[in-house]
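# Chains, contacts and geometry: an overview
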Amino acid sequence: MTRRAIELLLLVALGAVLGWTQDSAGWTLGGALGGALAWSFLDGLRARRVLRWLTKADGSRAPRIGGTWGELVDRCRKLIKKLEKKAQNSDARLEDFLAAIQASPNGVVLLDASGRIEWSNLTAANHLGFEPQRDLGQYVRNLVRNPAFTAYLGGGDFGHEIQIDGPGPRPSQPTKISLQIHPYGKKRKLMITRDVTAVQLAETMRRDFVANVSHEIRTPLTVLSGFVETMQTIPLEEADRSRYLDLMSQQAQRMQTLVSDLLTLSRLEGSPSPGQGEWIDSEELLAHVMQEARGLTQAIAQTPHDVQPVPGPDLWISGAKTELLSAMSNLLSNAVRYTPGGGQIRAGWRMREDGWVEFFVTDTGPGIAAEHLPRLTERFYRVDRSRSRETGGTGLGLAIVKHVAQRHGGRIEVHSALGEGSTFVIALPSSRVRERVTG
Ligand code: ADP
């Protein structure tokens, strides 16, 4: 028999006994009924306590009740604890899952059936220019105000991605965002965004590069084939023939230099940076490029330049010797080619206060206007196109110098102003230089 039944019987019996003491069958029956009523009142109170606790669903403060109600409370408490644990586990899993999507380099936005933002990671918010918390529940079409996006969202054809402008560092410099919608569930949508600014830039650079190379090669080729045609069709005097052959040889030389510079650039880009390499005598490097520069000025200038080394500290420079020589001689060759004959060219090594070392070339040439300086190391960028061509320039020299400097952990610096000559510097970090102790 359960405790509740015993309690009921006891209260009914107690009521009956109390009624019986009144010596009447009616009182006895009434007493028993009263006992039953008292029991149901007490039972109702307990039921209320249990119900109140269940309404609060507070597992930690369960009412202390014995018997069947107590057992019920106990079982409910265990059930609630179990459910709570399950919910905690699901919450933790959801947190992990959302943290993983937060860490994704792709933007992720979840849209409900009516196109309102249910959730978004920070990346998507940055890509599209909204606040992930503040804009929850907002219609995405109101936040991404772009005609292409509105048409895409409304069109319902999500088999392809679209590209829109995202908020950039400046209004004139928007980022390029690729965006695709994937429908799922009941009319819900998953929107994935990717920043493709760098990819687009690389693609534009690649296209420009191919166009530039084609143009650079086509010009001498056109000249060459013109001469060939002339020589094939018109009988020429020996003097003309010889002049034409000279011009053809110049064009062929120009193509050769271009191809050679292109190969140098592609080697520099495609190979790993030189490690510490060999330790090279700074004087030896300087002497080598000075000799080349003197040879060049003798060959191309009507009045040769005054090319002199500037004495500096005795140093060991560490790196790839051929690369360093190629970068240094590019700077000297530019100084000779752009400085009018008779001008002064100085080059040498010097230490900086911060321990870096620099190779510098100073000339008394025309100088370069400030607006050109940031673009000088771009491939095929020339300030004076005709001077560059006349003197056999390819427009790749400073790009090569920049690559070599960067591969050695350094950089190229240009100090110049119109009419005031130029100083080009290859600066190398302290790890690449050692004082040479003589004696
Ligand atoms: P290029 O083969 O045309 O000389 P570079 O990349 O070496 O190509 O140089 C890029 C441009 O920078 C040159 O076309 C020239 O206009 C400018 N430049 C480079 N060096 C000098 C210099 N020492 N003085 C004036 N202009 C220079």
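Up top is the structure these notes are about.
Every value quoted in this text rests on a predicted model; they were computed, and no experiment measured them.

Of all hydrophobic cores here, the largest spans 44 residues; its most connected members are Ile317, Leu331, Leu332, Trp349, Phe359, Val361 and Ile426. At the level of elements, α8 (238-270), α9 (282-300), β8 (315-319), α10 (321-338), β9 (344-351), β10 (357-363), α12 (397-407) and β12 (422-428) are the ones that each hand at least two residues to this core. Top contributing element to this core by residue count: α10, with eight residues. Residue contributions to this core reach at least three from each of two domains, namely domain 3 (205-271) and domain 4 (274-439). Those residues in contact with phenylalanine 359 that lie beyond four places of it in its chain are Leu286, Val289, Met328, Leu331, Leu332, Ala347, Gly348, Trp349, Phe424, Val425 and Ile426. If you look at the next biggest cluster of nonpolar residues, it comprises 19 residues, including Val109, Tyr152, Ile177 and Met191.

What follows covers the environment of alanine 16. On the secondary structure map, alanine 16 appears in helix α1 (residues 3-20). C-alpha of alanine 16 to C-alpha of threonine 28: the two residues are twelve residues apart in sequence and 4.5 Å apart in space. Sequence-distant contacts of alanine 16, defined by excluding residues within four places in its chain, comprise Thr28, Gly31 and Ala32.

Here we take up the packing of aromatic side chains. Under the defined criterion, the tally for this structure stands at four aromatic pairs. Judged by centre distance (5.0 Å) and plane angle (45 degrees), the rings of phenylalanine 227 and tyrosine 244 are tilted. Here tyrosine 244 lies in helix α8 and phenylalanine 227 lies in helix α7 (residues 197-233), a separation of 17 residues in the sequence. Here phenylalanine 227 matches tyrosine 244 in class, with each residue buried. Ring geometry for tryptophan 349 versus phenylalanine 359: centroids 5.4 Å apart, planes at 55 degrees, classification tilted. With tryptophan 349 in strand β9 and phenylalanine 359 in strand β10, this residue pair connects regions lying ten residues apart in the sequence.

Time to look at the sheet that holds strand β13 (residues 433-435). Within a sheet, adjacent strands bond to each other through the backbone by hydrogen bonds, running parallel or antiparallel. Overall, antiparallel pairing links the three strands, which are arranged β6-β8-β13 in an open sheet. Bordering the open sheet on either side are β6 (278-281) and β13, each of which pairs with just one other strand. Ignoring which end each strand starts from, the neighbouring axes of this sheet average 30 degrees apart. Two elements, β6 and β8, share four bridges in a ladder whose sense is antiparallel. Across the sheet, glutamate 278 pairs through a bridge with glycine 319, a residue of β8. Contacts between α9 and the sheet are confined to β6 and β8, with β6 contributing the most and set at about 60 degrees to the helix.

This part takes up helix α2 (residues 25-56). For an α-helix, the turn length of 3.6 residues means that residues three or four places apart are oriented alike. If you check α2, its first and last C-alpha atoms are 47 Å apart, about what 32 residues at 1.5 Å a residue would give, namely 46 Å. For α2, the full list of buried residues reads Gly31, Ala32, Gly35, Trp39, Asp43, Val50 and Trp53. Turning to α2, the residues buried within the fold contact α1 and α3 (67-103). One side-chain oxygen of the residue at the start of α2 lies 3.1 Å from the amide nitrogen of glycine 26, identifying that residue as serine 24.

For the ligand, the set of nearby residues contains 20 residues, the closest of which are Asn334, Tyr338, Ser388, Gly395 and Leu398. Across the complex, the protein chains shield 97% of the 530 Å² of accessible surface that the ligand would expose by itself. Here the shell around the ligand takes four residues from α10, the largest share from any one element. Of the residues contributing to the shell around the ligand, the split by class is nine nonpolar, seven polar and four charged.

On to the sheet that holds β10, then. Strand order across the open sheet formed by five strands is β7-β9-β10-β12-β11, with mixed pairing between neighbours. Taken across any chain shown, the strands that pair with only one partner, and hence form the sheet edges, are β7 (306-310) and β11 (411-416). Averaged over all pairs of adjacent strands, the angle between strand axes in this sheet comes to 15 degrees, irrespective of strand direction. Of the strand pairs in this sheet, β7 and β9 are connected by five bridges, and their pairing is parallel. When the bridges of β9 are listed, glutamine 308 appears paired with arginine 346. Each of β7, β9 and β10 is contacted by α9, which is oriented at about 175 degrees to β7, the strand it contacts most. Where α10 meets the sheet, its contacts fall on β9, β10 and β12, and the angle it forms with β10 comes to roughly 20 degrees.

Attention now goes to the environment of serine 249. Within the secondary structure layout, serine 249 lies in helix α8. For the pair formed by serine 249 and methionine 290, sequence separation is 41 residues and the distance between their alpha carbons is 27 Å.

As for its placement among the helices and strands, aspartate 261 is situated in helix α8. Buried and without a salt bridge, aspartate 261 has arginine 337 as its closest oppositely charged side chain, separated by 7.9 Å. Setting aside residues up to four positions removed in sequence, aspartate 261 forms contacts with Thr394, Leu396 and Ile400.

Rules used throughout
- Residues numbered from 1 in each chain as written.
- Predicted model: local features only at pLDDT ≥ 70, side-chain atom pairs only at ≥ 80, totals over all residues.
- Heavy atoms only, no water.
- Core = buried A, V, L, I, M, F, W, Y, C linked by side-chain atoms within 4.5 Å.
- Buried < 20%, exposed > 50% of the residue type's maximum accessible area, 1.4 Å probe, protein only.
- Helix = DSSP H or I, 4+ residues; strand = E, 2+ residues; numbered from the N terminus.
- Domains from an automatic or database assignment.
- Contact = heavy atoms within 4.5 Å.
- Phe/Tyr/Trp six-rings, centres within 6.5 Å; stacked < 30°, edge-to-face > 60°.
- Pairing = 2+ DSSP bridges.
- Axes fitted to C-alpha atoms, helices over the stretch in contact; angles between N-to-C directions.
- Expected span 1.5 Å × (residues − 1).
- Polar contact = N/O pair within 3.5 Å; in protein donor to acceptor, adjacent residues only side chain to side chain.
- Near = heavy atom within 4 Å.
- Areas by Shrake-Rupley, 256 points an atom, 1.4 Å probe, with all protein chains shown as cover.
- Nonpolar A, V, L, I, M, F, W, Y, C, P; charged D, E, K, R; others polar.
- Lys, Arg positive; Asp, Glu negative; His and termini not counted.
- Salt bridge = Lys/Arg side-chain N within 4 Å of Asp/Glu carboxyl O.

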